[in-house]
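So the chains spell out like this:
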Amino acid sequence: MRFGSVEFFKVLIKTVLAIFFFVPLVLAVVFGVMFANNNAKLAEAQKENTRLSLVADVLVKEKVGNVDDFCAIFEASGISYEEFLREINKDKKIDAAGLYSALNAAGIPDKEIIAMAVSKKSVSGAEFHDILSKNGISDKDLLAAAAQSQGGGIEGYCKVLESCGISRAEILSYYNNQSGISSTIPNNSTADSTPEESSPYAGLYEDMYVPVPSEYKRETGTIYLTFDDGPSQYTYSVLNYLDEFDIKATFFVVPNRTEDCYKTLREIVKRGHSIGVHSASHDYDKIYASVESFMEDFHEAWDIVREATGVSTPIFRFPGGSKNDFNEKTRDDIIKEMTRRGFRYFDWNVESGDAAGATWTEMYNSIPQDVRNTERAFVLFHDTKYNTVLVLEDVLRVLKNEGYKFDKINADTRPVQFIGEFS
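This report concerns the structure included in the present document. From a predicted model like this one, the values you see are computed outputs, not experimental measurements. (Residues numbered from 1 in each chain as written. Predicted model: local features only at pLDDT ≥ 70, side-chain atom pairs only at ≥ 80, totals over all residues. Heavy atoms only, no water.)

## Quick notes on the pattern of salt bridges
Where charged atoms from two side chains of opposite charge approach closely, those side chains can pair. Applying the stated rule across the entire model yields 16 salt bridges. Salt-bridge contacts for R218 lead to E375; the nearest nitrogen and oxygen are separated by 3.2 Å. With R218 in the loop between α10 (195-198) and β1 (222-228) and E375 in the loop between α16 (360-372) and β7 (376-382), this residue pair connects regions lying 157 residues apart in the sequence. Given the relative accessible area of 44%, R218 is considered partly exposed. For R257, the salt bridge goes to D303, with nearest N and O atoms at 3.1 Å. One end of the pair, R257, is in the loop between β2 (250-253) and α12 (259-270); the other, D303, is in helix α14 (residues 291-309), and 46 residues separate them in sequence. Overall, D303 belongs to the buried group, its relative accessible area being 16%. (Salt bridge = Lys/Arg side-chain N within 4 Å of Asp/Glu carboxyl O. Helix = DSSP H or I, 4+ residues; strand = E, 2+ residues; numbered from the N terminus. Buried < 20%, exposed > 50% of the residue type's maximum accessible area, 1.4 Å probe, protein only.)

Encoded structure:
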């Protein structure tokens, strides 16, 4: 076909006509398909927006107060419980503690949350205990509630445990080998006499008994850091330095019934440290006036720790130490009664001097030197003193570099005492 011929122009005209006809047709088909897909997505989005609007409307109009209200929101919105959990886990990777916090923040009380979990058979015995412990409900509180159905008292406790197939011998054996769990069953009784028969103070604070270890461990070359008189504004700084050096310590506290105190007590335990009683009032004249006065003050502090943390601590430190000018007339009887109940008291053999106003230089020079002169050092600090916070990091670095081991006071740690069985 020659360029410029009649045949050439015929083919050219046909080609141009084809382009103008088919190209718009193809484009129309393509855009039609795209428009249809967009319409489908738009409809789906509109449907989701409608559902979310309904959820928002329900949330605005309804106040969540319990599990029934919470479930009602799901039903009204069309969102299933499983769908809700999947969505949270996808975005937040939430765990059981996070879910608990979310429900709690929504105004659902612990009682309702636990009831829902139990009804779905999703909580084991250990998990149930953990939930209660984290909410400040101690073993003693839980057993006491159960024991009421059995008439209350020690006999009621035993009946509850025996109904689970646990013998009384096993109960005592368990408590004797556990730390931080209170037993209201005195475990140092004999066949011939019981503590109740031999002590004039047996009728006081019948919940205040702790297990005694079968033997004590005496770790040489170990440093036990102890902090008295807190919690205070400096306690978190002390905790942070201990975390920095991966050291566990012991806090002998003077607690009160405030939320700030409870929060700090829980933080001490959460970070893996031991907690012991120092006193509730730190009023020497009041505390040492009589055995009854000491026990009243001690029980208040001990109960606060137990309520805040779930730990029924078996350790304590006398205000002023076990031998001081204020307790000369009453200390023997106090020691006898507290020992009868299973409690152990700890004094110290290295004193930082922070309570007397020791400077950074004085503490930095004296503490490592005094530690070197002991086989096992129980160092007395106060987490209420600013200078303690200033010097702590530097002292810990020195002692760490010298290769010392650190530990908290455990239930089976052999005490160091000015006066008494371990003096």
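## Notes on the nonpolar core
If you look at the biggest cluster of nonpolar residues, it comprises 34 residues, and the most contacted ones within it are L225, F227, L242, F251 and V379. Within the residue set of this core, elements represented by two or more residues are β1, α11 (235-244), β2, α12, α14, α16, β7 and α17 (386-401). Counting 19 residues, the second-largest nonpolar core is a separate cluster that includes M208, V277, I335 and M338. (Core = buried A, V, L, I, M, F, W, Y, C linked by side-chain atoms within 4.5 Å.)

## Details of the pairing of β1
Of all the 7 residues making up β1, 7 are buried; the element is thus mostly covered by neighbouring parts of the structure. Burial of β1 is two-sided: the residues T222, Y224, T226 and D228 facing one way and the residues I223, L225 and F227 facing the other way are all buried. For β1 and β7, the ladder comprises 7 bridges, and the chain directions are parallel. When the sheet's bridge partners are listed, D228 is paired in β7 with H382. Looking at chain direction, β1 and β2 are connected through 3 bridges and run parallel. By the bridge assignment, T226 is partnered in β2 with T250. In this fold, β1 hands off to α11, which returns the chain to β2; that crossover is right-handed. (Pairing = 2+ DSSP bridges. Right-handed = clockwise from strand over helix to strand, strands pointing away.)

## Digging into the environment of E244
By the element assignment, E244 lies in helix α11. In the structure, E244 is positioned 149 residues away from E393 in sequence and 8.8 Å away in space, judged by C-alpha atoms.

## Points about the packing of α16 against α17
The interhelical angle for the contact between α16 and α17, taken along N-to-C directions, is 40 degrees, at an axis separation of 9 Å. In terms of axis orientation, α16 runs oblique to α17. As for how α16 packs across α17, the hand of that crossing is right-handed. Seen from α16, the contacting residues are W360, M363, Y364, I367, P368, V371 and R372; seen from α17, they are N387, T388, L390, V391, D394, V395, V398 and L399. Each residue belonging to the contact of α16 with α17 can be placed in one class, and the counts come to 11 nonpolar, 2 polar and 2 charged. (Axes fitted to C-alpha atoms, helices over the stretch in contact; angles between N-to-C directions. Parallel < 35°, antiparallel > 145°, perpendicular 65-115°, else oblique. Left-handed = near helix turned anticlockwise from the far one by under 90°. Contact = heavy atoms within 4.5 Å. Nonpolar A, V, L, I, M, F, W, Y, C, P; charged D, E, K, R; others polar.)

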